Structure formats: structure tokens, C-alpha cells
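# Architecture at a glance
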Amino acid sequence: MASADAESKHKNDIYGDVDDPRAAKAKPATPAATVVLLRDSDAGPEVLMLRKNAKIDFGGMWVFPGGRIDPEDADGDGNPESTARNAAAREAAEEAGIEVDPTDFVWFAHWTPPPTTPVRFATWFFAARANDQAITIDDGEIKDHQWITPAGALAKHTNGEIDLVPPTWVTLYHLSRYQPVDALLAHLGSREARYYETRAVKRGDGVRVALWAGDAGYEDWDADLAGPRHRLVMPEDGFSFENDAVDY
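Report on the accompanying structure. As the structure is a prediction and not an experimental result, all values here were calculated from the model.

The rules we used
Residues numbered from 1 in each chain as written. Predicted model: local features only at pLDDT ≥ 70, side-chain atom pairs only at ≥ 80, totals over all residues. Heavy atoms only, no water. Helix = DSSP H or I, 4+ residues; strand = E, 2+ residues; numbered from the N terminus. Buried < 20%, exposed > 50% of the residue type's maximum accessible area, 1.4 Å probe, protein only. Contact = heavy atoms within 4.5 Å. Areas by Shrake-Rupley, 256 points an atom, 1.4 Å probe, with all protein chains shown as cover. Lys, Arg positive; Asp, Glu negative; His and termini not counted. Charge placed at Lys NZ, Arg CZ, Asp CG, Glu CD. Phe/Tyr/Trp six-rings, centres within 6.5 Å; stacked < 30°, edge-to-face > 60°. 1 Å grid on protein atoms, 1.4 Å probe; cavity = no way out; pocket = protein on both sides within 12 Å on 5 of 7 lines; lining within 4 Å. Points joined across faces, edges and corners; volume = space filled by probe spheres on them. Nonpolar A, V, L, I, M, F, W, Y, C, P; charged D, E, K, R; others polar.

## Quick notes on the overall build of the protein
- On a plain count of helices and strands, the protein comes out with four helices and twelve strands.
- Looking at the 248 residues of the protein, the share that counts as buried comes to 52%.
- Once local pairs closer than 6 in sequence are excluded, the contacts in the protein between residues at least 24 apart make up 63%.
- Summed over its atoms, the accessible surface of the protein is roughly 11,400 Å², and 47% of this surface lies on carbon and sulfur atoms.
- Of the side chains in the protein, 25 bear a positive and 43 a negative charge, and the two mean positions are spaced by 4 Å.

## Quick look at the environment of Glu81
- Counting through the fold element by element, Glu81 comes out in helix H1 (residues 80-96).
- As for Glu81 and Trp107, which are separated by 26 residues in sequence, their C-alpha atoms are 8.5 Å apart.
- Beyond its immediate stretch of four places on either side in the chain, Glu81 contacts Trp107, Trp124 and Phe126.

## Digging into the packing of aromatic side chains
- Overall, the coordinates contain 15 aromatic pairs when judged by the stated rule.
- Between Phe108 and Phe125 the ring centres are 6.1 Å apart and the planes differ by 80 degrees, which places this aromatic pair in the edge-to-face class. Here the residue Phe108 occupies a position in strand S5 (residues 106-112), and Phe125 occupies one in strand S6 (residues 121-129), the gap between them amounting to 17 residues. In this pair, the class of Phe108 matches that of Phe125, namely buried.
- Relative to Tyr248, the ring of Phe241 has its centre 6.1 Å away and its plane inclined at 75 degrees; by these criteria the two rings are edge-to-face.
- Assessed through its relative accessible area of 14%, Phe241 is described here as buried.

## Points about empty space enclosed by the protein
- Enumeration over the complete set of coordinates arrives at one cavity of 30 Å³ or more.
- The space that makes up the largest cavity amounts to roughly 120 Å³.
- Lining of the largest cavity is provided by 14 residues; of these, Phe108, His174, Leu188, Arg191 and Tyr248 occupy positions nearest its centre.
- Of all the secondary-structure elements, those providing two or more residues to the lining of the largest cavity are S5, helix H3 (166-175) and helix H4 (181-189).
- Ranked by residue count, the leading element in the lining of the largest cavity is H3, at four residues.
- A breakdown of the residues in the lining of the largest cavity according to their chemical character gives ten nonpolar, three polar and one charged.

Any functional reading would require information beyond the geometric quantities listed.
Structure below.
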């Protein structure tokens, strides 16, 4: 077993220095929104994924269409959810050349990174069925795209073929459990959106862990406490999701 002073950090662990996470002074998180676009295939639901330019934030990562929320995304009533829907739809058009109706979106999650994260986005996650439009990328901010099953994307990540940030990985994990697309969207719409206020810590063996509400160690920022699990374990050789606390 690794010593307590060692640290096992996956290359896609974006959460910064976690030696004393409770003492970290958080930078304000930029509001953002993303939409998971889905279509049926013979292999099951596929999701549209885009590869970011290596020279920008989250460079080289495979992501869902999305980005920061701009002032022009606000609706007349200033409703935060409507604003986020508009932002996700705008980003889908800008990054993938696909027009989608934000009123069709299913809001299923909101992610806020821990205070240790160098670049912080507080992100609304939506899902929707894609239409038949061709995908067009600008070869600037976005360098590549693919339709892929969630399980296929996770396998590529395990094999080191693609890079995924933790919220994307966890989303794909949950998407992989349902098919076809109608059933997947119905499931997401049947429950309240889940809030992920991430806490990043280290276990005693040096392995870094992302904790969420329901995990035995969440309140105390202690990954070694015995009890229920709701966490992403992030050693160098791959991510693994542990959950016996939250009903998905």
C-alpha cells in the first residue's frame, strides 16, 4: 500500500491541491450550462461529445456542448433556469452547429467544483434528444466530435484514449444505465435535479477522492470514515464510482 505521504493523482483530476481543502479560499465560480444531446443507435443511446482545443480551458478534454452563461442569455423574467437553458442551446449552436429548443431540455444536475479548483464553473446540466441535423464544428475552440455510447466513452477513458473531467465521467456513468433515449430522458425527468457540491480530499493511502452529499466522509471532509459511499475515486490508473447512499 502507498504511504500516507504519497499521492495518487489521475491526469484528469482537475481539483487542484487538496492538502488542506477546507482552508482553501474559493474563487467565484462562473455560471455555465451544458446540454447532453442524445440519439438512439443499434448499440443503445449515443451522446454527442466534443473535443476542446488544447490551448483553452479544459483543453483536450471531451465534453458536452456548453460554456459560460452570457448576459444575453437572460430571459425577460431573469429566471436562472431559463437563462441556463438559453445558454446551453446557444452553445450547442455555436460549438456544434445544431439548433435545439431549450424548452425541450430536461434539467437533471448542477455541479459546483470544490474551492481548490483553479478554474471554477458552476454548471447546469440538461439533456435532450438530438434532431437529425449534421454536426458542424469550427476547428477553433472545438477540434473534433463524435457520437458515442456512454459505456464506449467510459471504456476509452479507462484505456487512456480520451480525457474526461469528473462531472462528465459521472454523467456518462449514469447515462450508461438506461435505454432507449426515451426511457433515459423519462428517468432523468422523473426526479429532482441533483446538486453536486464537490469536496475533493485524499484518503490515507494518498488516493484522491471527490465526495458528494450522502457519503459518510462528506461533512467532515474525511474519505477514510466508514459508512455509506457517494464518491468518485481517482487513482492514477482510472476513475471508479462508489455509491450505496443515493438512489439514482
